[in-house]
Amino acid sequence: MLDSIFTLIIDTVAIVLAGALLLRFWMQAVRVRPPMEIAQFVYQLTDWLVRPLRRVLPGTGGYDWASLIGAFLVALLATAVEVWLRGGFEPHAILLLTILRICHWALYGLIGLLLIEVIFSWVNPHAPLAPFVRALNDPLMRPLRRIVPLLGTIDLSPLVALILLRIAIELVTTIVASLL
C-alpha cells in the first residue's frame, strides 16, 4: 500500500513538473508569449532545472531543448523509481517506458489544450486566456481547418484533431509495447 501511495506522489509531481517543462518547450516552439500569471508559474517551477541544462544544451533552431530534455529527465527519474519499487531494474525497459510516458504526456497535454479551447469557444470566447490557448493549438488546428469544412457555424476540426491525437497515442503505445 505504501508503494502505491509513494508511486502516486511521484507520478503527480512528475506530471506537474514535466507538464510545465513541455508547456515551456511548446510556448517557445510556436513562439507564443504567455500571460504574466502563466509565465511566472511555468518559469518559477522549471528554472531550477532548465537554467543549468541550458549551459550544456543551448536552444538552437528556435527550440528550447533544455526544457524538452528536462521533461525527459523528470520522466526518466519517475519511471526508474516506479520500476525499482516494483522490484525490477532493466535499463532497456526503463528507457522505452520513459519515451512512452513523455509521448503520452505531450499528446494528452495537446488534448487538454484542445478541450480548453473548445470550452472557451462555447462559454466565453473573449476570455483573457482564450487567445493564448488558441495560439498554442494553432499549429495543430491550422492544417485541419483547411481540410475540414465548417458545418454551418460549427467547426468540427477540434473533433478531428482529438481523434488524430488518440490514434497517435494508440500508435505510440503499440510501437513501444512491441519493443518491450
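The preceding data block contains the structure.
Conventions used here
Residues numbered from 1 in each chain as written. Predicted model: local features only at pLDDT ≥ 70, side-chain atom pairs only at ≥ 80, totals over all residues. Heavy atoms only, no water. Helix = DSSP H or I, 4+ residues; strand = E, 2+ residues; numbered from the N terminus. Buried < 20%, exposed > 50% of the residue type's maximum accessible area, 1.4 Å probe, protein only. Areas by Shrake-Rupley, 256 points an atom, 1.4 Å probe, with all protein chains shown as cover. Lys, Arg positive; Asp, Glu negative; His and termini not counted. Charge placed at Lys NZ, Arg CZ, Asp CG, Glu CD. Core = buried A, V, L, I, M, F, W, Y, C linked by side-chain atoms within 4.5 Å. Contact = heavy atoms within 4.5 Å. Bend = angle between axes of the 7 residues up to and from the residue. Phe/Tyr/Trp six-rings, centres within 6.5 Å; stacked < 30°, edge-to-face > 60°. Axes fitted to C-alpha atoms, helices over the stretch in contact; angles between N-to-C directions. Parallel < 35°, antiparallel > 145°, perpendicular 65-115°, else oblique. Left-handed = near helix turned anticlockwise from the far one by under 90°. Nonpolar A, V, L, I, M, F, W, Y, C, P; charged D, E, K, R; others polar. 1 Å grid on protein atoms, 1.4 Å probe; cavity = no way out; pocket = protein on both sides within 12 Å on 5 of 7 lines; lining within 4 Å. Points joined across faces, edges and corners; volume = space filled by probe spheres on them.

This part takes up the overall build of the chain. Scanning the chain from N- to C-terminus turns up six helices and zero strands. When its helices and strands are written in sequence order, the chain yields α-α-α-α-α-α. Taken along its principal axes, the extent of the C-alpha atoms in the chain is 55 × 35 × 35 Å. Counting every position in the chain, which comprises 180 residues, the buried fraction comes to 37%. Accessible surface, the chain: about 11,000 Å² in total, of which carbon and sulfur atoms supply 72%. Between the centroid of the 13 positive side chains of the chain and the centroid of its 11 negative side chains there is a distance of 9 Å.

Phi is positive for Arg31, which is not a glycine, with a value near 55 degrees. For Arg31, the position within the fold is in the loop between helix H1 (2–29) and helix H2 (36–56). On the accessibility criterion, Arg31 (61% relative accessible area) is exposed.

This part takes up the nonpolar core. Counting 21 residues, the largest nonpolar core has Leu114, Phe132, Leu136 and Leu165 as the members making the most contacts within it. Among all residues touching Leu114, those that are not within four sequence positions of it are Asn137, Leu140, Met141, Pro158, Ala161, Leu162 and Leu165. If you look at the next biggest cluster of nonpolar residues, it comprises 15 residues, including Ala18, Leu22, Leu49 and Ile102.

Time to look at helix H5 (residues 130–147). Maximum bend of H5: about 65 degrees, positioned at Asp138, with proline Pro139 one to four residues after it. Listed as buried for H5 are Ala130, Phe132, Val133, Leu136, Asn137, Met141 and Leu144. Tucked into the core, H5 has its buried residues touching H1, H2, helix H4 (91–123) and helix H6 (157–179).

In this section: the packing of aromatic side chains. A full pass over the atoms with the stated rule returns three aromatic pairs. The interplanar angle of 20 degrees and the centroid separation of 6.0 Å between the aromatic rings of Phe25 and Tyr63 together place this pair among those described as stacked. In this pair, Phe25 is assigned in helix H1 and Tyr63 in the loop between H2 and helix H3 (65–85), connecting sequence segments 38 residues apart. Classification of Phe25 as buried rests on a relative accessible area of 12%. On the numbers, 5.9 Å between centres and 45 degrees between planes, the contact of Phe25 with Trp65 is tilted. With Phe25 in helix H1 and Trp65 in helix H3, the pair connects residues that are 40 residues apart, well separated along the chain.

The contact between H1 and H4 brings their axes to 10 Å, and the two run at 65 degrees. Of the possible angle classes, the one that applies to H1 and H4 is roughly perpendicular. Note that H1 runs across H4; the crossing there is right-handed. In contact with Asp11, Ala14, Ile15, Ala18, Leu22 and Trp26 of H1, H4 contributes Arg101, Trp105, Ala106 and Leu110. Here the contact of H1 with H4 is built from residues that sort into eight nonpolar, no polar and two charged.

The computed volume of the largest pocket comes to approximately 500 Å³. Breaking the lining of the largest pocket down by element, the ones donating at least two residues are H1 and H4. Element by element, the count of residues in the lining of the largest pocket is highest for H1, at nine residues. Residues belonging to the lining of the largest pocket are distributed by class as follows: 17 nonpolar, two polar and no charged. Quantified by volume, the second largest pocket comes out at close to 310 Å³.

Function cannot be inferred from these measures alone, as they are strictly geometric.
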